[in-house]
Number of protein chains: 2
Amino acid sequence: MKNLTSMLDIQKADTSKIDQVDFNNLVFGQVFTDHMFECDYKNGSWQTPVIKPYGNLSMPPSARVFHYGQAVFEGMKAYKDQDDQIWLFRPEENFNRINKSSERLAIPEFPKEYFFEGLETLLKMDSAWIQKGFGNSLYIRPFVMATEAGVSASPAGEYKFMIICSPAQAYYSGEVRVKFSEKFSRAADGGVGYAKAAGNYGAQFYPTNLAKEEGFQQIVWTDASTHEYLEEAGTMNVFFRIGDKLVTAPTSDRILDGVTRKSVITLAEDHHIDVEVRRVSVQEILDAAKSGELKEMFGSGTATVINPILGFGFKGEKYELPKIEDSYAKFFKDTLMKIQYNEAEDKFGWRHQVK
Amino acid sequence: MKNLTSMLDIQKADTSKIDQVDFNNLVFGQVFTDHMFECDYKNGSWQTPVIKPYGNLSMPPSARVFHYGQAVFEGMKAYKDQDDQIWLFRPEENFNRINKSSERLAIPEFPKEYFFEGLETLLKMDSAWIQKGFGNSLYIRPFVMATEAGVSASPAGEYKFMIICSPAQAYYSGEVRVKFSEKFSRAADGGVGYAKAAGNYGAQFYPTNLAKEEGFQQIVWTDASTHEYLEEAGTMNVFFRIGDKLVTAPTSDRILDGVTRKSVITLAEDHHIDVEVRRVSVQEILDAAKSGELKEMFGSGTATVINPILGFGFKGEKYELPKIEDSYAKFFKDTLMKIQYNEAEDKFGWRHQVK
Ligand SMILES: Cc1ncc(COP(=O)(O)O)c(C=O)c1O
Ligand SMILES: Cc1ncc(COP(=O)(O)O)c(C=O)c1O
């Protein structure tokens, strides 16, 4: 069935799987909604986008993505307010970023109309999957991958752009302590660190497993050349509170330009919290931890919003951060979530209603 | 049908596609043989390996490989001699390397018996696809990828190990001139450059496209920290002949430990050619090019064996290498191919017969 009011081809699922889902016991990223968005690129252009029942893909074993990791993705969320209205948070940022990532991976840009019409139609069709309640959300995963058959190491001529959605509860990742990387690195100058390239993530699993064996949940990556400067965590940018000042590393071609990160910076400035965007050396943080000046560390990212970091390790030493009353982490998390759930004024025009 | 004499489950194709193939007009990596090898990892172990008709895979859109590039591969070749005997070249090297790559990508190691029994059985079943004649071969692509469904950024619990095969003619890649990278990089210290990780390849496509616009076919990567030292090309290690001395960069955690590279080094030593394995600076090569001491450059890799490099560019300047009579490139290519095709003595025990 071709939807006449849009450029989308819509194939509705016969039945919904929603009754089989226990929304109080969701594991992150495991259950997917009834429909998915799919758009193929071939012969030099993006074909008619389709929304169809969520299901398996048929792929040749020689598809480029399996061999050369030519793939990028995004992560965003939809929220439902008390009046059943659906909201996105700064979705243009994610749209722009996926095309920026695609460019770096030699993947053709995706058209804006297709992205937004596809995404919003999908959210409306699967709106029952977005549960109300502070902390509940629908995690949205747009991604593009090279599907062309053939194992020659060159950019593909065929791609698939997809959006799949997974209901999520308030994400509590347990207590997080991080290891500052001493030997392994995530990204090189002149590399793909700033892109949400698939390969950046698989490359982190092994060092993260080693860090876990030492009792840390995540790694804060340091620059590959000297390991002297702190960059970001696996799926979060990182902030340090030294005294009452907030410090975070500048974005670069090694660091993802996080939507949550830039929102935190804006909120901090708006609340007259002193923010410094500059290189942060491991030594500075060690010194601040020892002198008691290091009050907080937290990560920022779509999945967890703000994730307090309770301690860190470096060269065999472990450091615990003090418990704190008026934490910045809590303030930013509450402030951001109230905007996201339409419970506070949207001073910066960050909310985007799906209607 | 379970093959009683082996641990393999063998499902034969009803008919062969071989008659549809024009072996005189093969595009690299486009056509695949009748069968493929597949082995799934789940519940903590590798399951019964299967050889079955080559065909599409059914994969959930949330399969980890699409999102996090948790995938590695190998490239090797089978050769047929004039007596219809089938040969592999140093296959243990590829087996060891895929497990080394897997370790770095947090993928479970693959058992040696499965690899060799699977590979050799597959080659015997599809032996008609290995064409005789110097330069003809069967390109073999083993690969492993994370297949588990679910978009959480952590190592998968399920994987698929596959071997697919594609008939190849003598690979003539046209004239190759390379750009020495000034800004982009392929690998970081402490990263995954030494692994044949899928993501390493997709990351090179965009910079390579830019180099192509400047008239180069490939990039020779330089170290990410300073761009002062030459490392390797996209799918080849690189050798420089300065006077009568052969120079190549040492392997490291940024550089792939190529099978062809190490074979060239051994052959050079055996033929009393002076080989230096040490850092090679861009400046040294520029100086040698200007003084006329730079006699040759060539790449080494399974696909092309030895690929002469006719010129290079750096910071807007282009350099052409002199034409040379007794080229090392030609000597190594001939010597290696004669060993590979069972036309010369195998002094180092590199050939492995499939029987
Ligand atoms: C490497 C990396 N850094 C930071 C972030 C946080 O970015 P955002 O706030 O846009 O979710 C993410 C997650 O998206 C990420 O993958
Ligand atoms: C990055 C890279 N360097 C070098 C090589 C050459 O290695 P080998 O001689 O083992 O084929 C390859 C190809 O396998 C490669 O992918």
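Structural notes, computed from the coordinates. Predicted, not measured: the structure shown is a model, and the values here were computed from it. (Residues numbered from 1 in each chain as written. Chains lettered and ligands numbered in written order. Predicted model: local features only at pLDDT ≥ 70, side-chain atom pairs only at ≥ 80, totals over all residues. Heavy atoms only, no water.)

1. Describing the packing of helix α5 (residues 259-270) of chain B against helix α7 (residues 328-340) of chain B
Residues and elements named next belong to chain B.
Phase 1: For the pair α5 and α7, interaxial distance at closest approach is 11 Å and the crossing angle is 105°. In this view, α5 runs roughly perpendicular relative to α7, as classed from their interaxial angle. Residue-level contacts link Thr260, Ser263, Val264, Leu267 and Ala268 of α5 to Phe332, Thr335, Leu336 and Ile339 of α7.
Phase 2: Classifying every residue of the contact of α5 with α7 by side-chain character gives six nonpolar, three polar and no charged. (Axes fitted to C-alpha atoms, helices over the stretch in contact; angles between N-to-C directions. Helix = DSSP H or I, 4+ residues; strand = E, 2+ residues; numbered from the N terminus. Parallel < 35°, antiparallel > 145°, perpendicular 65-115°, else oblique. Contact = heavy atoms within 4.5 Å. Nonpolar A, V, L, I, M, F, W, Y, C, P; charged D, E, K, R; others polar.)

2. Structural notes on the relation of the copies chain A and chain B
Phase 1: Laying chain A over chain B is done by rotating through 180° and shifting 0.0 Å along the axis; what remains is an RMSD of 0.0 Å. What the rotation and shift describe, once combined, is the action of a two-fold rotation axis.
Phase 2: Comparing contact sets, 100% of the residues at the interface of chain A also lie at the interface in chain B, consistent with an isologous, same-surface contact. (Least-squares fit on C-alpha atoms with pLDDT ≥ 70 in both.)

3. As for the site of ligand 2
Residues and elements named next belong to chain B.
Phase 1: Around ligand 2 sit 16 residues in total, of which Lys196, Tyr201, Glu232, Thr260 and Thr302 are the nearest.
Phase 2: Here a nitrogen atom of ligand 2 sits 2.5 Å away from a polar atom, N or O, in the side chain of Glu232.
Phase 3: Isolated, ligand 2 exposes 390 Å² of accessible area, and the fraction of that covered by the protein chains is 97%.
Phase 4: Elements supplying a minimum of two residues to the shell around ligand 2: α5 and β17 (294-301).
Phase 5: Considered class by class, the residues forming the shell around ligand 2 number four nonpolar, eight polar and four charged. (Near = heavy atom within 4 Å. Polar contact = N/O pair within 3.5 Å; in protein donor to acceptor, adjacent residues only side chain to side chain. Areas by Shrake-Rupley, 256 points an atom, 1.4 Å probe, with all protein chains shown as cover.)

4. Here we look at the interface of chain A and chain B
Phase 1: In this complex, chain A contributes 60 residues to the contact, which on the side of chain B involves 60 residues.
Phase 2: Summing both partners gives a buried area of about 4700 Å² for chain A against chain B, and 63% of it is carried by carbon and sulfur.
Phase 3: Among the residues chain A hides against chain B, the three largest losses belong to Pro61(A), Phe66(A) and Phe205(A). Together they make up 15% of the total.
Phase 4: Counting across the chain A and chain B interface gives zero salt bridges.
Phase 5: Summed over the shared surface of chain A and chain B, the number is 19 residue pairs in polar contact (both at pLDDT 80 or more).
Phase 6: Those elements that place two or more of their residues in the side of chain A that touches chain B are β5 (57-59), α1 (64-68), β6 (71-73), α2 (91-104), β9 (137-146), β10 (159-168) and α4 (198-213) of chain A.
Phase 7: Top element by residues in the side of chain A that touches chain B is α4(A). It accounts for nine residues.
Phase 8: Looking at the side of chain A that touches chain B, its residues break down into 35 nonpolar, 20 polar and five charged. (Buried area = accessible area lost by both parts, 1.4 Å probe. Salt bridge = Lys/Arg side-chain N within 4 Å of Asp/Glu carboxyl O.)

5. A look at helix α3 (residues 112-125) of chain B
Phase 1: Helix length check: α3(B) (14 residues) gives 20 Å between terminal C-alpha atoms against 20 Å at 1.5 Å per residue, within 8%.
Phase 2: What α3(B) keeps buried is the set Tyr114(B), Phe115(B), Phe116(B), Gly118(B), Leu119(B), Glu120(B), Thr121(B), Leu122(B) and Leu123(B). (Expected span 1.5 Å × (residues − 1). Buried < 20%, exposed > 50% of the residue type's maximum accessible area, 1.4 Å probe, protein only.)

6. Thoughts on the site of ligand 1
Residue and element names in this part refer to chain A.
Phase 1: Taken together, 16 residues lie around ligand 1, and Lys196, Tyr201, Glu232, Thr260 and Thr302 are the ones closest in.
Phase 2: One nitrogen or oxygen atom from the side chain of Arg97 is found 2.9 Å from an oxygen atom belonging to ligand 1.
Phase 3: In this structure, Lys196 approaches ligand 1 through a side-chain N or O atom, which is 2.6 Å from an oxygen atom.
Phase 4: About the coverage of ligand 1: the protein hides 97% of its 380 Å² of free accessible area.
Phase 5: For the shell around ligand 1, the secondary-structure elements that each account for two or more residues are α5 (259-270) and β17 (294-301).

7. Some points on the packing of aromatic side chains
Both the distance between ring centres and the angle between the ring planes are used here to describe each pair of aromatic rings.
Residues and elements named next belong to chain A.
Phase 1: This model, assessed by the stated rule, comprises 63 aromatic pairs over all chains.
Phase 2: Clustering of aromatic rings is evident, with ring pairs tying together Phe37, Tyr41, Trp46, Phe95, Phe110, Tyr114, Phe115, Phe116, Tyr159 and Phe161.
Phase 3: The ring of Tyr328 is capped by Arg241, whose NZ or CZ atom sits 3.8 Å from the centre of that ring. (Phe/Tyr/Trp six-rings, centres within 6.5 Å; stacked < 30°, edge-to-face > 60°. Lys NZ or Arg CZ within 6 Å of the ring centre and 35° of its normal.)

8. Overview of the pattern of salt bridges
Residues and elements named next belong to chain A.
Phase 1: Tallied over the entire structure, the rule returns 48 salt bridges over all chains.
Phase 2: With its nearest N and O atoms 2.8 Å apart, the salt bridge here joins Glu320 to Arg177. Placement of Glu320 in strand β20 (residues 317-320) and of Arg177 in strand β11 (residues 177-180) is noted, with a sequence separation of 143 residues between them.
Phase 3: With relative accessibility at 22%, the residue Arg177 sits in the partly exposed group.
Phase 4: Taking the shortest distance from any N to any O, the salt bridge between Lys330 and Asp334 comes out at 3.0 Å.

9. Focus on the environment of Ala128(A)
All names here are of chain A.
Phase 1: Looking at where Ala128 falls in the secondary structure, it is placed in the loop between α3 (112-125) and β9.
Phase 2: When the C-alpha positions of Ala128 and Lys80 are compared, they lie 9.9 Å apart, and in sequence the two are 48 residues distant.
Phase 3: In contact with Ala128, other than residues within four places in its own chain, are Ile18 and Lys80.

10. Some words on helix α6 (residues 282-291) of chain A
Residues and elements named next belong to chain A.
Phase 1: For α6, the complete set of buried residues consists of Val282, Ile285, Leu286 and Ala288. Buried residues in α6, looked at end-on, bunch into an arc of 165°, giving them a common side. Residues of α6 that are exposed and angled more than 90 degrees away from the buried face: Lys290 and Ser291.
Phase 2: A positive phi of about 85° marks Gly292, the residue just after α6. (Arc of directions from axis to C-beta.)

11. Thoughts on the pairing of β10(A)
Residue and element names in this part refer to chain A.
Phase 1: Extensive coverage of β10 is indicated by the burial of 10 of its 10 residues.
Phase 2: Residues Tyr159, Phe161, Ile163, Cys165 and Pro167 point to one face of β10 and Lys160, Met162, Ile164, Ser166 and Ala168 to the other, with burial holding for every one of them.
Phase 3: Note: strand β2 (residues 35-42) against β10, five bridges, orientation antiparallel. Across the sheet, the residue bridging to Asp40 is Lys160, located in β10. (Pairing = 2+ DSSP bridges.)

12. A short note on the state of the cysteines
All names here are of chain A.
Phase 1: One pass over the structure, following the stated rule, counts zero disulfides over all chains.
Phase 2: Free of any disulfide, Cys165 has its nearest neighbouring cysteine sulfur in Cys39, separated by 16 Å.
Phase 3: Judged by its relative accessible area of 1%, Cys165 is buried. (Disulfide = S-S within 2.5 Å.)

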